Amino acid sequence: MMNLRKHQSLLIGNYAPPSIEIVRGEGCKLWDANGREYLDFTSGIAVTNLGHSHPLWVKQVSDQATKLVHCSNLFSIPEQVRLAERLSGRIGSGKLLFCNSGAEANEALLKLSRLFGHQIRKTARPKVIVAKNGFHGRTLGALSATESMKYRQGFEPLLPDFTFRCLNDLTGFKEAVDEDTVAILVESIQGEGGVHSASDEFLCGLEELCANNNILLLLDEVQTGIARTGEFLGFQKSGILPHAVAMAKGLGGGFPIGAIWVNEKHSSLFTPGTHGTTFGGSPLACAAAHAVLDVIENEKLIERAKKMGKQFKAGLVELAEKFPESILETRGRGLMLGLALSFDPSDLITDLRESGLLAVGAAGQTLRLLPPLTIKTEDIKKALVILQSCLKRKERNT
């Protein structure tokens with residue numbers, strides 16, 4: 001408790017006061033300062049896709065730390081070049097720009113859209129169409145592309161020229177296009193927005209709309225990427241190929257790294273001096289990302305996320321049948337799943353934590369479940385038992 005009190009006295013209160021102090025992790029489990037064990041179905045909000053302290057990840061990051069941690073992008077970094085090659089091999093012919101986080105990656109996408117608007121489309125007011133209920137980060141540019149007043153309140157005026165339309169409303173997106181529209185930015189699954197999936201038909205329609213109007217199609221794969229949905233990147237289920245993609249979170253397995261992939265045709269829009277980062281794509285960050293890709297390949301985590309996700313979702317569907325007044329809908333795919341609830345999930349999240357299961361909320365009274373991709377069947381069964389017990393208690397006390 002002493003450290004929790006210190007936390008509140010020393011750290012700025014932009015987060016709710018923490019209730020536990022986490023000190024150790026292994027696999028899908030975390031332990032607090034009192035030695036209590038938890039099943040971690042947050043994965044650091046879709047970051048620790050390999051679980052905690054995966055041996056190969058630890059070894060490769062430790063080995064790199066003894067060689068070179070940082071040298072800046074003034075020099076060529078072999079680990080960065082090789083990582084760009086591996087990521088392009090999984091996405092398509094293009095080039096990579098590395099940064100530190102999802103918000104930075106989305107900022108780079110927005111800057112790309114401005115460069116495209118000014119240089120190619122010759123418009124003085126480049127406009128971007130984004131989905132309502134989406135979330136793209138806390139920096140001012142990314143925040144401007146996020147409609148929710150929960151995040152925007154107090155930070156106005158934000159950047160102009162963003163138009164919002166409903167996810168999966170292709171007609172609405174078409175009607176929003178005008179002569180100054182230069183890009184469309186969406187998530188393949190809205191994580192913070194409540195685990196709402198973009199349909200294959202919608203994404204294919206956006207690809208065609210952008211092709212017909214010389215508009216950039218930008219995909220925010222920060223939360224959905226790096227094998228979480230049962231594809232390497234969430235949009236790949238639909239068979240489309242956007243012009244640029246933002247990645248972060250799971251890419252470093254817990255070490256901060258973000259990136260954008262840009263197709264060959266538009267990668268030359270960034271020229272020396274147009275964008276930069278001190279820490280982005282450091283040797284250590286890239287070593288972490290290589291370890292993530294190695295484990296994904298060695299342990300077939302894309303296939304595993306699909307298989308275990310089906311198993312977990314089937315269990316959640318059964319829960320929904322048992323608690324029809326509490327669970328309105330089961331959402332998501334792979335190991336990015338959500339329960340749309342008839343009540344605010346805050347108290348349920350607390351009860352789950354006290355029962356040994358860590359989960360996170362999302363918009364629209366949604367409980368978000370993001371276990372590591374290395375999760376085992378017995379851990380899923382245990383989580384479902386805890387969920388059932390807590391839902392019973394919730395209904396009994398209502």
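Above this text sits the structure in question.
Residues numbered from 1 in each chain as written. Predicted model: local features only at pLDDT ≥ 70, side-chain atom pairs only at ≥ 80, totals over all residues. Heavy atoms only, no water.

(A) Summary view of the overall build of the chain. Helix and strand counts for the chain come out as 14 helices and 17 strands. Scaling as 2.2 N^0.38, a compact globule of 398 residues should have a C-alpha radius of gyration of about 21 Å, and the chain matches this with 21 Å. Each of the three principal axes of the chain carries a C-alpha extent, and together these read 60 × 55 × 45 Å. Classification of the 398 residues of the chain by burial places 55% in the buried group. For the chain, contacts bridging at least 24 residues in sequence account for 73% of all contacts bridging at least 6. Per element, the accessible surface of the chain, about 17,800 Å² overall, is 53% carbon and sulfur. In the chain, 45 side chains carry a positive charge and 43 a negative one; their mean positions are 3 Å apart. (Helix = DSSP H or I, 4+ residues; strand = E, 2+ residues; numbered from the N terminus. Rg over C-alpha atoms; globule rule 2.2 N^0.38 Å. Buried < 20%, exposed > 50% of the residue type's maximum accessible area, 1.4 Å probe, protein only. Contact = heavy atoms within 4.5 Å. Areas by Shrake-Rupley, 256 points an atom, 1.4 Å probe, with all protein chains shown as cover. Lys, Arg positive; Asp, Glu negative; His and termini not counted. Charge placed at Lys NZ, Arg CZ, Asp CG, Glu CD.)

(B) Summary view of the side chain of Asp32. Mapping Asp32 onto the fold places it in strand S2 (residues 29-32). Buried charge without a salt bridge: Asp32, with Arg36 as the nearest opposite-charge side chain at an N-O distance of 5.7 Å. For Asp32, the side chain forms a polar contact with the side chain of Tyr38, separated by 2.7 Å. Every residue in contact with Asp32, bar those within four places of it in the chain, is listed here: Ile20, Glu21, Ile22, Val23 and Tyr38. (Salt bridge = Lys/Arg side-chain N within 4 Å of Asp/Glu carboxyl O. Polar contact = N/O pair within 3.5 Å; in protein donor to acceptor, adjacent residues only side chain to side chain.)

(C) Looking closely at the packing of helix H3 (residues 55-65) against helix H11 (residues 283-298). Where H3 meets H11, the axes come as close as 9 Å, and the angle between the chain directions of the two elements is 155°. In this view, H3 runs roughly antiparallel relative to H11, as classed from their interaxial angle. As H3 runs across H11, the sense of the crossing is right-handed. Contacts between H3 and H11 involve Leu56, Trp57, Gln60, Val61, Gln64 and Ala65 on the former and, on the latter, Pro283, Leu284, Ala287, Ala288, His290, Ala291, Val292, Asp294, Val295 and Asn298. Here the residues of the contact of H3 with H11 sort into 11 nonpolar, four polar and one charged. (Axes fitted to C-alpha atoms, helices over the stretch in contact; angles between N-to-C directions. Parallel < 35°, antiparallel > 145°, perpendicular 65-115°, else oblique. Left-handed = near helix turned anticlockwise from the far one by under 90°. Nonpolar A, V, L, I, M, F, W, Y, C, P; charged D, E, K, R; others polar.)

(D) Up close: the sheet that holds strand S16 (residues 360-362). Pairing is antiparallel across the open sheet formed by four strands, whose spatial order is S13-S14-S17-S16. Looking at which strands have only one partner, the edges of the open sheet turn out to be strand S13 (327-333) and S16. Each strand axis lies, on average, 30° off the axis of its neighbour in the sheet, ignoring direction. In this structure, S16 lies alongside strand S17 (residues 366-369), joined through three bridges in antiparallel fashion. What sits directly across from Ala362, in S17, is Thr366. The sheet contacts of helix H12 (residues 301-322) involve S13, strand S14 (336-341) and S17, and relative to S13 the element is tilted by about 175°. (Pairing = 2+ DSSP bridges.)

(E) Seen up close, the packing of aromatic side chains. For the structure on display, the rule yields three aromatic pairs. Each ring, one from Phe41 and one from Phe312, has its centre 5.5 Å from the other, and the planes form 85°; the classification is edge-to-face. Highlighted residues: Phe41 in the loop between strand S3 (37-40) and helix H2 (43-46) and Phe312 in helix H12, separated in sequence by 271 residues. Note on accessibility: Phe41 and Phe312 belong to one class, buried. Considering the side-chain rings of Phe135 and Tyr151, the 4.7 Å spacing of their centres and the 50° angle between planes classify their relative orientation as tilted. Taken together, the residues Phe135 in the loop between strand S5 (127-131) and helix H6 (140-144) and Tyr151 in helix H7 (residues 149-152) connect sequence positions 16 residues apart. (Phe/Tyr/Trp six-rings, centres within 6.5 Å; stacked < 30°, edge-to-face > 60°.)

(F) Representation of the side chain of His54. The residue His54 is located in the loop between H2 and H3 in this model. Engagement of the side chain of His54 in a polar contact is seen with the backbone nitrogen of Leu56, the distance being 3.2 Å. Excluding residues within four positions of it along the chain, His54 makes contact with Val295 and Glu299.

(G) Seen up close, the nonpolar core. Ile184 and Leu367 are the most contacted members of the largest nonpolar core, which has 82 residues in total. Counting residues per element, this core draws most heavily on H11, at 10 residues. When near neighbours in sequence (up to four residues on either side) are disregarded, Leu367 contacts Leu337, Gly338, Leu339, Leu341, Leu348, Ile349, Leu352, Ala359, Val360 and Leu387. Of all hydrophobic cores here, the second largest spans 27 residues; its members include Val130, Phe162, Leu216 and Val262. (Core = buried A, V, L, I, M, F, W, Y, C linked by side-chain atoms within 4.5 Å.)

(H) Broad picture of the packing of helix H4 (residues 78-91) against H11. Between H4 and H11, the least distance of the axes is 9 Å, while the angle of their chain directions is 35°. Between H4 and H11 lies a crossing whose hand is left-handed. Contacts between H4 and H11 involve Glu79, Gln80, Arg82, Leu83, Arg86, Leu87 and Arg90 from the former and Pro283, Cys286, Ala289, His290, Leu293, Asp294, Ile296 and Glu297 from the latter.

(I) Representation of the environment of Val182. Relative to the elements of secondary structure, Val182 occurs in strand S7 (residues 181-187). As for Val182 and Thr123, which are separated by 59 residues in sequence, their C-alpha atoms are 8.7 Å apart. Ignoring anything within four residues of it in the chain, the contact list for Val182 reads Ser113, Phe116, Gly117, Arg121, Thr123, Pro126, Lys127, Val128, Ile215 and Leu216.

(J) Molecular detail of the pairing of strand S12 (residues 258-263). Buried residues dominate S12, accounting for six of its six residues. Side chains of S12 alternate between two faces, with Gly258, Ile260 and Val262 and Ala259, Trp261 and Asn263 buried alike. Of the strand pairs in this sheet, strand S4 (residues 94-99) and S12 are connected by six bridges, and their pairing is antiparallel. Across the sheet, the residue bridging to Leu96 is Trp261, located in S12. Sheet analysis places strand S11 (residues 244-247) next to S12, joined by four bridges and oriented antiparallel. Residue pairing across strands places Ala246 opposite Ile260, the latter belonging to S12.

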